[in-house]
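# Structural overview
Here is how the chains run, residue by residue.
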Amino acid sequence: MNNSFIDSLTCDFVRDLTPYESARRLFSGGNDWLNANESPFSNEYSLNTERFNRYPDCQPESVLRAYAKYAGLSKEQVLVSRGADEGIELLIRGFCNPGKDSILICPPTYGMYAISAQTFNVSVQKAPLNSDFSLDLAALEAIANSDNLPKLVFLCSPNNPTGTLIAQEQINAVLALFAGKSLVVVDEAYIEFSPQYNQTALLADNPHLVLLRTLSKAFALAGIRCGFTLASQDIIKVLLKVIAPYPVSDPVAQIAHQALSEKGVDLMQQQVSTIRFEQVWMKQALANMQGMEFQGSDKANFLLYRCQDKDALMQHLVQNGVLIRDQSKQILLGDCLRITIGSREENQRLLALIQQFFQEGQAA
Ligand SMILES: *Cc1c(COP(=O)(O)O)cnc(C)c1O
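Residues numbered from 1 in each chain as written. Predicted model: local features only at pLDDT ≥ 70, side-chain atom pairs only at ≥ 80, totals over all residues. Heavy atoms only, no water.

### A few points about the site of the ligand
How we decide: Here a residue counts as near a molecule or strand whenever at least one of its heavy atoms sits within 4 Å of it. For the purposes of these results, a polar contact is taken to be a pair of N or O atoms within 3.5 Å, where, inside protein, one atom must be able to donate a hydrogen and its partner to accept one; residues adjacent in sequence count only when each atom of the pair is a side-chain atom. We count a stretch as a helix when DSSP gives it H or I for four or more residues in a row; a strand needs E for two or more, and each element gets its number in order from the N terminus. Amino acid classes used here: Ala, Val, Leu, Ile, Met, Phe, Trp, Tyr, Cys and Pro are nonpolar; Asp, Glu, Lys and Arg are charged; the rest, including Gly, are polar.
Taken together, 13 residues lie near the ligand, and Ala84, Asp187, Thr214, Ser216 and Lys217 sit nearest. Between the ligand and the protein, one listed contact pairs an oxygen atom with a side-chain N or O atom of tyrosine 190 at 2.6 Å. Measuring from an oxygen atom of the ligand, one finds a side-chain N or O atom of arginine 225 at 2.8 Å. Of all the elements, helix H5 (residues 83–95) adds the most residues to the shell around the ligand, at 3 residues. Taken together, the residues that form the shell around the ligand break down as 5 nonpolar, 4 polar and 4 charged.

### Observations regarding the state of the cysteines
Threshold: In what follows, a disulfide is any cysteine sulfur pair within 2.5 Å. Residue burial is assigned from relative accessible area. The probe radius is 1.4 Å, only protein chains are included, and a residue is buried under 20% of its type maximum, exposed over 50%, and partly exposed in between.
Using the criterion set out here, one finds 0 disulfides in the structure. The thiol of cysteine 156 is not disulfide-bonded; the next cysteine sulfur, from cysteine 106, is found 10 Å away. Relative accessible area serves as the criterion here: at 5%, cysteine 156 is assigned to the buried category.

### Description of the packing of H5 against helix H9 (residues 233–242)
So the rule is basically this: Helix axes are fitted only over the stretch in contact, all axes being lines through C-alpha atoms; the angle between N-to-C directions runs from 0 to 180 degrees. To sort the angles, those under 35 degrees are grouped as roughly parallel, those over 145 as roughly antiparallel, those from 65 to 115 as roughly perpendicular, and the leftovers as oblique. Throughout, a contact is declared for two residues whenever any of their heavy atoms are within 4.5 Å.
Where H5 contacts H9, the axes come no closer than 9 Å and their chain directions differ by 95°. When the interaxial angle is binned, H5 and H9 end up roughly perpendicular. Where H5 abuts H9, its residues Leu90, Leu91, Arg93, Gly94 and Phe95 lie against Ile235, Val238, Leu239 and Val242. Per-class residue counts for the contact of H5 with H9 are 7 nonpolar, 1 polar and 1 charged.

### Overview of the domain arrangement of the protein chain
Defined as follows: An automatic or database domain assignment supplies the start and end points of every domain. As used here, buried area is the combined drop in accessible area, with a 1.4 Å probe, of two parts when they are placed together. Take a side-chain nitrogen of Lys or Arg and a carboxyl oxygen of Asp or Glu: if they are within 4 Å of each other, that pair is a salt bridge.
By the assigned domains, the protein chain splits into domain 1 (3–40 + 264–359) and domain 2 (61–261). Centre-to-centre separation of domain 1 and domain 2, based on C-alpha positions: 23 Å. Between domain 1 and domain 2, the residue contacts involve 29 residues of the former and 38 residues of the latter. For the pair domain 1 and domain 2, the two sides together bury roughly 2,600 Å², of which 69% comes from carbon and sulfur. Linking domain 1 with domain 2 are 0 salt bridges, by the criterion used here. Put simply, domain 1 and domain 2 have 10 residue pairs in polar contact (both at pLDDT 80 or more) between them. Elements supplying a minimum of two residues to the side of domain 1 that touches domain 2: helix H11 (262–287) and strand S10 (302–307). No other element matches H11, which puts 7 residues into the side of domain 1 that touches domain 2. Residue classes in the side of domain 1 that touches domain 2 are distributed as 14 nonpolar, 10 polar and 5 charged.

What follows is the structure, encoded as C-alpha cells:
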C-alpha cells in the first residue's frame, strides 16, 4: 500500500491541509511554557469514581447550571463542549454548507476559525484589522452588502494575539451590519482578564449573537478541554444536532463543576489578579528594552512585541528552555513574538534571557 493510494482516497480539501501548529506540536522540550496562554497555576480537584462505568450526560446539568449562573444567563443559553475549539467547529458544521458557504475572520487573530472551516470545505473571507488593530468597518460593511454573505462572522475580544479589545461601538456596528444576515460570534476566551467588557447583556436583543468561552485560560484548566457556547436557545438547538453523544467526560464535568463553584470562581479571580500584577511588572521591565517594541494592548494574559533579530532571539530562548510564540506569519505582525505571562520565576528567567540576548548583541 503506497502513499499515493491513501492520497487518492483522501478528501480533496483535506489533502492540502497542514494541521494547526499548536504550541505543543511545535516544541516538545523546554521548561518554561510561555507560548500557549496557559495559566501558571495548577489547582486541586477531587473525583468521585462511582459513575465511571456509565456513559455521561451529553450536556451535564450541574455544569450547565454552574456556567449559566457564572455568566448570568439561563441554562438553555449554554452549550458545553470539548473546549471553545469544539464550539467553533460545531458552529461551522451546524451553519455552513460544505463547498458552498463561507465564514468571515478579521486577522491577525486566533488561527482555529480558518483551520476549522478548511477542514469542512468551508471558505474563509477576510477583513483584516486596521493598523491600530481596530475593525475595518468599511470592509465589513462591503461584505455585509455583498451577495457573498458569510454564515458566521468571527470577532475575538480580547483578541489573541494582539491583546486588544474591540470597541463597544464597533461590536454594535457589526451586529447591526449583519442582523438578519449572518451569525456574529464573539470569542471571549480571555474575558476573565477584562471582565467588564463581556457581551452577555447583548444576547437578549441580538438573536444572531454567539459568545465563546473556555476554562482553558483564566480557570487554569487547559488540560481538561472544557468550553462553552452562549447563544439563543434556537442556535444552541442546532449545535446539539451536530455534537457528539458524549462530548464531556464525567471527570471533566466534575472538575468543571468545582471550578465554577463560588470557591472556584473566587480562586480564579485571585489568580487573574496575580497574573495581571505580573503582567504590569513584565511590561514595565520590557518598556526600556532596545529591540523590543510593544504592540497592541494588554487586556488578556499575554504581551506582544515586535522584536529585533526575532529568529535569533527565539533560538536563544528555546536553547535555554523558555518557549514563547512566534506570531510573525500573521498579517500586520512581522517580527512579532507573543509572551504568555507565567509565574514570577518564569517571567524573571525570560526577562533575564532577553536582557542577555540584547546586551550580548550590542557587545558583539
Ligand atoms: C485558547 C483559545 C481558544 C481555545 O480554547 P479551548 O477551550 O482550549 O479550545 C479559543 N479562542 C481563543 C481566542 C483562544 O486563544
